[in-house]
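# Observations on the three-dimensional arrangement
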Amino acid sequence: MIQLMSHLHDSHIKRFGKLTSRRFGMLTSRLFDRLTSRRFDKLTSRPFSNIAPATPLPDGRGFGAGLSPLPDGRGLGVGLSPLPDGRGWGWVFVAVFVLSSCTGSRYDALLRQADSLNRSGFVFTSDSLAMRIVKHYDHFWHSANDRLLAYYLLGRAHADMGDAPLAIENYQTAISKADTTSADCDFRTLRAVYGQMAEVFHAQNLPEDELEAQDKCNYYSWILKDTLNAISGYACLMRPYYLLSDTDHIIQVTQEAEKKFLQFGYEQEAARVNVALVYFLIQRKQFEEAKELIDTIRKRGGIFDERGNLNSGRESFYATIGDYYNGVNQLDSAEHYYRKAILPDVYEAAYRGLLSVYDKKHLPDSVSKYARLYADANDAMHRKMNSSAVHSTQMLYKYNLHLQEAERQERHAREMSFLLMIAIALLLVLFVAYHRIKEDRRRKEKTLAFISEQYRQTRETLESIVEEKQQIEREQELLLAKKDFYSHTVTQSVIDHSIFRRRPLKAKEINRLHDIFIKAFPHFKDFVGNQSSSFSENEWDVCALLSLGLHNSDIAFLLNLTPQRVTGLMSQINHVLFNSEGASSLAANLRKKLIKE
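Calculation rules
Residues numbered from 1 in each chain as written. Predicted model: local features only at pLDDT ≥ 70, side-chain atom pairs only at ≥ 80, totals over all residues. Heavy atoms only, no water. Phe/Tyr/Trp six-rings, centres within 6.5 Å; stacked < 30°, edge-to-face > 60°. Buried < 20%, exposed > 50% of the residue type's maximum accessible area, 1.4 Å probe, protein only. Lys NZ or Arg CZ within 6 Å of the ring centre and 35° of its normal. pLDDT = per-residue confidence, 0-100. Contact = heavy atoms within 4.5 Å. Helix = DSSP H or I, 4+ residues; strand = E, 2+ residues; numbered from the N terminus. Expected span 1.5 Å × (residues − 1). Patch = residues over 30% accessible without salt bridge, like charges linked within 9 Å, V, L, I, M, F, W, Y side chains within 5 Å. Areas by Shrake-Rupley, 256 points an atom, 1.4 Å probe, with all protein chains shown as cover. Salt bridge = Lys/Arg side-chain N within 4 Å of Asp/Glu carboxyl O. Lys, Arg positive; Asp, Glu negative; His and termini not counted. Charge placed at Lys NZ, Arg CZ, Asp CG, Glu CD. Axes fitted to C-alpha atoms, helices over the stretch in contact; angles between N-to-C directions. Parallel < 35°, antiparallel > 145°, perpendicular 65-115°, else oblique. Nonpolar A, V, L, I, M, F, W, Y, C, P; charged D, E, K, R; others polar.

## Side note on the packing of aromatic side chains
In this structure the tally under the stated criterion is 21 aromatic pairs. Ring centres of phenylalanine 140 and tryptophan 141 lie 5.0 Å apart, and the angle between their planes is 75°; on these two criteria the pair is classed as edge-to-face. You can call tryptophan 141 partly exposed: its relative accessible area is 23%. Through successive ring pairs, a cluster of aromatic residues spans Phe517, Phe521, Phe524, Phe527, Phe535, Trp540 and Phe578. The positively charged end of lysine 260 is found above the aromatic ring belonging to tyrosine 234, 4.3 Å away from the centroid. Sitting above the plane of the phenylalanine 527 ring, lysine 593 keeps its charged end 4.2 Å from the centroid.

Set out below in structure tokens:
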């Protein structure tokens, strides 16, 4: 993500690098900072040449962030009045006009680029770029659509980062920025906001909120006359109703969605929407209706291939078909489909079905086997659900800290009451203890045994936690090593040489880069050793430079090689390490390998 943001930043800054020198960009950035903080007196009381340089952008070029044009888009210079002593007017007007115009264009490009990334399915791992965009556009003189899009992208970044509360907060802010009364309102982005809110609410197990958000998403789909997405969104109402255990509404939504799909000619979608309904019909033992839907889905759903196998991602329907045959006591067919469902995320349903089949067949060995497998799959599912629940709880705690504090105080009051009750009970116990010495001694021995067992379990748990902590610390050390690699002065120097083409790298610099690369990615060294026993120094150098996001021409310049030689090395590396032909896919293969580490 750091490389991508740097690439986006550079690609747009380069458009304006020719307009002014690096020194002028630094001076005018400092000038604008003084204007926006209303420090006119300090500005005009010293010569322009004495203004200290502002902190440049990461590559040392361009202007400071946070510049915003006026509503007419002509720059901040419009409407300025002369300074009190009449000096500096020309510089102020020119500098501010250039700064605001250039920066506005740059942020427009950044906004569109981030929107394109989001539409392409890119997963954000940082909110820094989105925060910069929001900071720029969150002013009344920008259009409502731009502000809506900026906050939506920030919400998407937080959603990708797993921070559900902040994602919802930014989605709601985005909605508040939209002007739905305007003829050019961006209803498409507004629909996407509500759709993403529904996704987050579903993940957080908040079905009532999900219903409201999904209804809004569907409403804007109809406004956009996007019939297919409107009906598909309506069908998604099954999800919150499932969380609410409202089977009647699930069936109602499914049947209504099927009618709408057929009404508008979407026969394949009409068949697919019944996949969930089959399960509930089987649960209600309406086997004839379930069989009709299964046949319809086979015939028109488009989720089965020519050989009758489900398409990838649809394998859970095997278990549903198995449930049907199990329900009508066609046990061999049920066993066949349950076995086809033995796949990740479907294990539990498959093993549960096979357990039922073998129980009906009176095969105790198989029953015992699949009972264990079902129990293990069930435990794994619950661990996954518990992990997700813990993560959601942590996010909500951070977001609602003041509410949590009130709850804590209330809980403390309840605990005090509980302790008071315990104290009263203890007094009663002490009162009768004299008359029940033997009973009390037996109770104490039993309590001591229980405490000892609890202590033993707690100690085992603590040891396990310590082991996990040590593992996390080792992983943190590896992550820090990777971070040091990308932020190391040697790495930054290499990137600087590639940008400004100052000179090729010296042998000492190459060796130093090689050392910090190996330190950051020790597992990659082992991987290379397993794949090749004759990995050359040039091949190591190409891997290290390619991991920084450099292009072939940059690598050739830095290593003082010909581009053809670099391309040949990349092809050779790609073949040896990843069994891929050509040089074009090496960067992606290398990135995947380094990320997995």
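## Here we look at the confidence of the model for the protein chain
Mean pLDDT over the protein chain works out to 76, with 75% of the residues at or above the 70 mark. In this model, residues 1–94 is a region of pLDDT below 50 whose contacts with residues beyond four sequence positions or in other chains number 135 contacts.

## Examining helix H12 (residues 247–263)
For H12, spanning 17 residues, the distance from its first C-alpha to its last is 24 Å, which sits close to the expected 24 Å at 1.5 Å a residue. Where H12 is buried, its residues touch helix H10 (227–235), helix H11 (238–243), helix H13 (267–272) and helix H14 (275–283). Directly beyond the C-terminal end of H12, a positive phi value near 85° is found at glycine 265.

## Focus on the side chain of asparagine 574
Considering the arrangement of structural elements, one finds asparagine 574 in helix H27 (residues 563–578). Note on asparagine 574: relative accessible area 0%, which makes it buried. When sequence neighbours within four positions are dropped, the list of residues in contact with asparagine 574 reads Asn579, Ser580, Glu581, Gly582, Ser585, Leu586 and Asn589.

## Quick notes on unusual backbone geometry
Of note, the phi angle at lysine 225 is positive, near 60°, even though the residue is not glycine. Within the secondary structure layout, lysine 225 lies in the loop between helix H9 (207–223) and H10. Located in the positive-phi region is asparagine 329, a residue other than glycine, with phi close to 65°. Relative to the helices and strands, asparagine 329 is located in the loop between helix H16 (316–327) and helix H17 (331–340).

## Some details on a negative patch on the surface
A contiguous patch of negative charge, built from Glu208, Asp209, Glu212 and Asp215, is present on the exposed surface. Mapping aspartate 209 onto the fold places it in helix H9.

## With respect to the packing of helix H6 (residues 144–160) against helix H7 (residues 164–177)
Their axes nearest at 8 Å, the elements H6 and H7 cross at an angle of 170°. Taken together, the axes of H6 and H7 are roughly antiparallel relative to one another. Taking contact as the criterion, the partners of Ala144, Arg147, Leu148, Tyr151, Tyr152, Leu154, Gly155, Arg156, His158 and Ala159 in H6 are, on H7, Leu166, Ala167, Asn170, Tyr171, Thr173, Ala174, Ile175 and Lys177. Here the contact of H6 with H7 is composed, by residue class, of 11 nonpolar, 4 polar and 3 charged.

## Focus on the pattern of salt bridges
Considering all chains together, one arrives at 18 salt bridges under this definition. With a closest N to O distance of 2.8 Å, aspartate 295 and lysine 291 form a salt bridge. You can see aspartate 295 and its partner lysine 291 sitting in helix H15 (residues 287–300), 4 residues apart, about one turn around the helix. Residue class for aspartate 295 comes out partly exposed when judged on its relative accessible area of 35%. Owing to a relative accessible area of 25%, lysine 291 belongs among the partly exposed residues under this scheme. With a closest N to O distance of 3.0 Å, glutamate 335 and lysine 361 form a salt bridge. Here the residue glutamate 335 occupies a position in helix H17, and lysine 361 occupies one in the loop between helix H18 (347–360) and helix H19 (364–399), the gap between them amounting to 26 residues. Residues joined by salt bridges that share partners form a network here, namely Asp332, Glu335, Arg339 and Lys361.

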